[in-house]
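Remarks on the overall topology
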Amino acid sequence: MNVGALLIILLLVLSVLGIPVCFSLGIATIAALVLGDLPTVVLAQKTFTGMDSVALLAIPFFMLAGNLMSGSCSKKLIAVADAFFGWITGSLAVVTVLASAIFAAISGSGVATVSAIGGILIPSMKKEGYEGGFAAAIASVASILGPIIPPSIFLIVYGNATETSIGALFMGAMIPGVGLAILLAIYAVLYAKKKGLKGHKMKPVKEIAHVTLDGIWAMFMPILVLGGIFLGIFTATEAAAVTCAYTLFIGLFIYKDIKLKNIIDMCADAGITAATILILVGFAKGASWVVVTSGLPQAILNGFLAITDSKIIILLLINVLLLIVGMIMEANAAIVMLAPILVPLVSALGMTTVHFGVLMALNLCIGLVTPPVGTCILLGNAISKERLSDTLKFALPMIAICIVWLMFITYVPATVEWLPSLIKS
């Protein structure tokens, strides 16, 4: 058997057995090296070089920023969104989507988004007559905007794995992320009209101005992060550090919701999660070397071309593959394992690594709301305290919207490549 294929099979088996993905990847790589009679020292060498990247420093910084702003910052963002859009039919559901999109532009994490935004708005929606399953579903599906709208942990991992500009990936993800937020907001309005749910009374201009002024520090954060990256003021890693410093400052001295005694716990939580991802990325370099050396990418390319030479069909098959993988594998592990295999294939079809990176991130984000892995849908359902079957029933139309949008950006490259092209020109 091809040792690259053997490695992937072992990884899946070990993961199913409950061994943490980062360790499963290391064990599978060592086994593949031994069985393939390849030098085992490769794993140590590749692990070190895989983690020796300045770009990866952005991951713990953005995770810490998400922890730091999970208090009053998220409440301020919700209040501002409600002040401007609370009068719309289905206002709370729309506010959930919009607040998730704004929070996403700071945390880069779907789990952090559903915890911070869903934890506040799911109970509020239930009190106002929204069905519990729908409340959990809209908060869960909206949370996947976290890993799509920059900054995105998934895109940082992909950029490091494929040596693609993270800045270009962030710019390429803006239209797909914002477009999906708009589609989900439209669906929320249509659902509310069907169920006869009304919006709130429009707030007076004076109250809107007061709420906006109160939340201006939180609202400025995504502008600082994305504006700094897109204007070339600082790199993604520097942006992550600036975000942490800014969040800590407003939490300690402006909103005063961060206590000094809690900072250590926040740092520890972010550090543990980031360490898991960094170990995964390090081991993935060794695993990628085994996979590429085995000739598996070329074999897969030849297999696809043997089935059909139609670019449309091949891209459809790749999307189906990634959607299935997203349902059963942790997303960062899927990226570091599959990117080296699939990038040569899509490159042969004329797709840029930036386009494919955004495509891959959106595919795997959908996996965050599809069982059995489905971390975000499970967390949203736990917050709502509904039956998972009810939540999934309401989530299905939203997931369908995500898939339709996925197909659109697959076959319309300009949705991803237009913004990066403007910066290049």
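To be clear, the structure that these remarks concern was listed above.
Below, the structure is looked at part by part. Within each chain, residues carry numbers counting from 1 in the order of the written sequence. Where totals are concerned, whole chains, interfaces and linings use all residues; where local detail is concerned, this predicted model gives features only for residues with pLDDT of at least 70, and gives and counts side-chain atom pairs only at 80 or more. Where side-chain values are given, they derive from all heavy atoms of the structure, hydrogens and water being excluded.

**Remarks on the overall build of the chain**
Put simply, the rule is: For helices the rule is a DSSP run of H or I covering at least 4 residues; for strands it is a run of E covering at least 2, with both sets numbered from the N terminus onward. Between the two quantities, the radius of gyration covers C-alpha atoms and the globule rule is 2.2 Å times the number of residues to the power 0.38. Exposure is judged per residue with a 1.4 Å probe applied to protein chains only, and the accessible area is read against the type maximum: over 50% gives exposed, under 20% gives buried, and values in between give partly exposed. Whether two residues touch is decided by their heavy atoms; if any such pair falls within 4.5 Å, the residues are in contact. Every accessible area reported is derived by Shrake-Rupley at a probe size of 1.4 Å, with residue values counting cover from the shown protein chains alone. Neither His nor the chain ends is counted toward charge; the positive residues are Lys and Arg and the negative residues Asp and Glu. In this description, the location of a charge corresponds to atom NZ of lysine, CZ of arginine, CG of aspartate or CD of glutamate.
Helix and strand counts for the chain stand at 21 helices and 0 strands. Taken against the 2.2 N^0.38 rule, which gives 22 Å for 425 residues, the C-alpha radius of gyration of the chain at 21 Å falls within 12% of a compact globule. The dimensions of the chain, computed from C-alpha atoms along their principal axes, are 70 × 50 × 45 Å. Per-residue burial over the chain gives 54% buried out of 425 residues. When contacts within the chain are restricted to residue pairs at least 6 apart in sequence, those whose partners lie at least 24 apart make up 80%. Put simply, the chain shows about 17,400 Å² of open surface, and 71% of that area lies on carbon and sulfur atoms. Across the chain, the mean location of the 21 positive side-chain charges is 12 Å away from that of the 17 negative side-chain charges.

**A look at the pattern of salt bridges**
Put simply, the rule reads: For this document, the term salt bridge refers to a Lys or Arg side-chain nitrogen within 4 Å of an Asp or Glu carboxyl oxygen.
Using the criterion set out here, one finds 3 salt bridges in the structure. With a shortest N-O distance of 3.1 Å, Lys126 and Glu386 are connected by a salt bridge. Here Lys126 is found in helix α7 (residues 110-127), whereas its partner Glu386 is found in the loop between α19 (375-384) and α20 (388-411), with 260 residues between them in sequence. One salt bridge connects Asp390 with Arg387, and the closest N-O pair in it is separated by 3.5 Å. For Asp390, a relative accessible area of 21% puts it in the partly exposed group.

**Brief notes about the nonpolar core**
Rules: To form a nonpolar core, buried Ala, Val, Leu, Ile, Met, Phe, Trp, Tyr and Cys residues must be joined to one another through side-chain atoms within 4.5 Å.
Counting 149 residues, the largest nonpolar core has Leu25, Ile318 and Phe356 as its most contacted members. Here the element with the most residues in this core is helix α10 (residues 166-195); it accounts for 15 residues. With residues near it in sequence (within four places) discarded, Leu25 still touches Leu7, Leu11, Leu280, Phe283, Ala284, Ala287, Val336 and Met337.

**Details of helix α9 (residues 153-162)**
Defined as follows: Pairing of N or O atoms within 3.5 Å defines a polar contact, subject to two protein rules: one partner must be a possible hydrogen donor and the other a possible acceptor, and residues neighboring in sequence count only if both atoms are side-chain atoms.
For α9, a buried count of 9 out of 10 residues is recorded, marking the element as mostly surrounded by other parts of the structure. Looking only at α9, the buried set comprises Ile153, Phe154, Leu155, Ile156, Val157, Tyr158, Gly159, Asn160 and Thr162. The elements touched by buried residues of α9 are α3 (41-51), α4 (58-68), α10, α14 (260-293), α17 (331-348) and α18 (353-366). You can read the cap of α9 off the contacts: a side-chain oxygen lies 3.3 Å from the backbone nitrogen of Phe154, and it is on Ser152. At the exit of α9 stands Glu163, carrying a positive phi of roughly 55°.

**Side note on unusual backbone geometry**
A cis amide bond links Pro150 to the next residue, Pro151, at an omega of 0°. Phi is positive for Glu163, close to 55°, though the residue is something other than glycine. Take Glu163: it is sitting in the loop between α9 and α10.

**Considerations on the packing of α7 against helix α8 (residues 132-143)**
Selection rule: Under this scheme, a helix contributes an axis fitted over its contacting stretch, all axes are lines through C-alpha atoms, and angles between N-to-C directions fall in the 0 to 180 degree range. Working rule for angles: under 35 degrees goes down as roughly parallel, over 145 as roughly antiparallel, 65 to 115 as roughly perpendicular, anything else as oblique. Helix crossings fall into two classes, left-handed where the near helix is turned counterclockwise from the far one by less than a right angle and right-handed where it is turned clockwise.
At a minimum axis distance of 9 Å, the contact between α7 and α8 shows a crossing angle of 155°. By the criterion of interaxial angle, the relationship of α7 to α8 is roughly antiparallel. Regarding α7 and α8, the two cross each other, and that crossing is right-handed. On α8, the residues touching Gly110, Thr113, Val114, Gly118, Ile122, Met125 and Lys126 of α7 are Gly132, Ala135, Ala136, Ile138, Ala139, Ser140 and Ser143.

**Some words on a nonpolar patch on the surface**
Formally: Like-charged residues within 9 Å of one another, or nonpolar side chains (Val, Leu, Ile, Met, Phe, Trp, Tyr) within 5 Å, are grouped into patches, provided each residue has over 30% relative accessible area and no salt bridge.
Nonpolar side chains collect at one region of the surface, where Leu12, Ile307, Ile312, Ile313, Leu316, Leu317, Val320, Ile324, Met327, Ile328 and Tyr411 lie side by side and expose about 910 Å² of accessible area between them. Ranked by residues supplied to the nonpolar patch, first place goes to helix α16 (residues 311-328) with 8 residues. If you trace the backbone, Leu317 turns up in helix α16.

**Points about the packing of aromatic side chains**
Heads up, the rule is: Pairs were defined over the aromatic rings of Phe, Tyr and Trp, the Trp ring being its six-membered one, requiring ring centres within 6.5 Å. Orientation was assigned from the angle between planes: stacked under 30 degrees, edge-to-face over 60, tilted for the rest.
With the rule as written, the count across this model stands at 10 aromatic pairs. When the centroid spacing of 3.7 Å and the interplanar angle of 5° are considered together, the rings of Phe134 and Tyr191 count as stacked. Separated by 57 residues along the polypeptide, Phe134 in helix α8 and Tyr191 in helix α10 bring together distant segments of the chain. For Phe134, a relative accessible area of 0% translates into the label buried. On the basis of relative accessibility, which here comes to 7%, the residue Tyr191 falls in the buried class. Ring geometry for Phe220 versus Tyr246: centroids 6.0 Å apart, planes at 55°, classification tilted. Residue Phe220 is located in helix α12 (residues 216-230), and its partner Tyr246 is located in helix α13 (residues 236-254); the two are separated by 26 residues in the primary sequence. When its relative accessible area of 12% is taken as the criterion, Tyr246 is described as buried. Linked through ring pairs, Trp217, Phe220, Tyr246, Phe249 and Phe253 together constitute an aromatic cluster.

**Quick word on the side chain of Asn160**
Counting through the fold element by element, Asn160 comes out in helix α9. Those residues in contact with Asn160 that sit more than four places away from it in its chain are Gly50, Ser53, Leu56, Val281 and Lys285.

**What to know about the packing of α9 against α14**
Geometry of a packed helix pair, given as the angle between the helix axes and the separation of the axes. What counts, and what does not: In this count, Pro and Cys sit with the nonpolar residues alongside Ala, Val, Leu, Ile, Met, Phe, Trp and Tyr, while Asp, Glu, Lys and Arg are called charged and the others, Gly among them, polar.
Following both chains from N to C, one finds α9 and α14 inclined at 25°, their axes separated by 11 Å at the closest point. Overall, the two elements α9 and α14 adopt an arrangement that is roughly parallel. Here α9 runs over α14; the crossing is right-handed. Residues Ile153, Val157, Asn160 and Ala161 of α9 form the contact with α14, whose own contacting residues are Ile277, Val281 and Lys285. In terms of residue class, the contact of α9 with α14 is built from 5 nonpolar, 1 polar and 1 charged.

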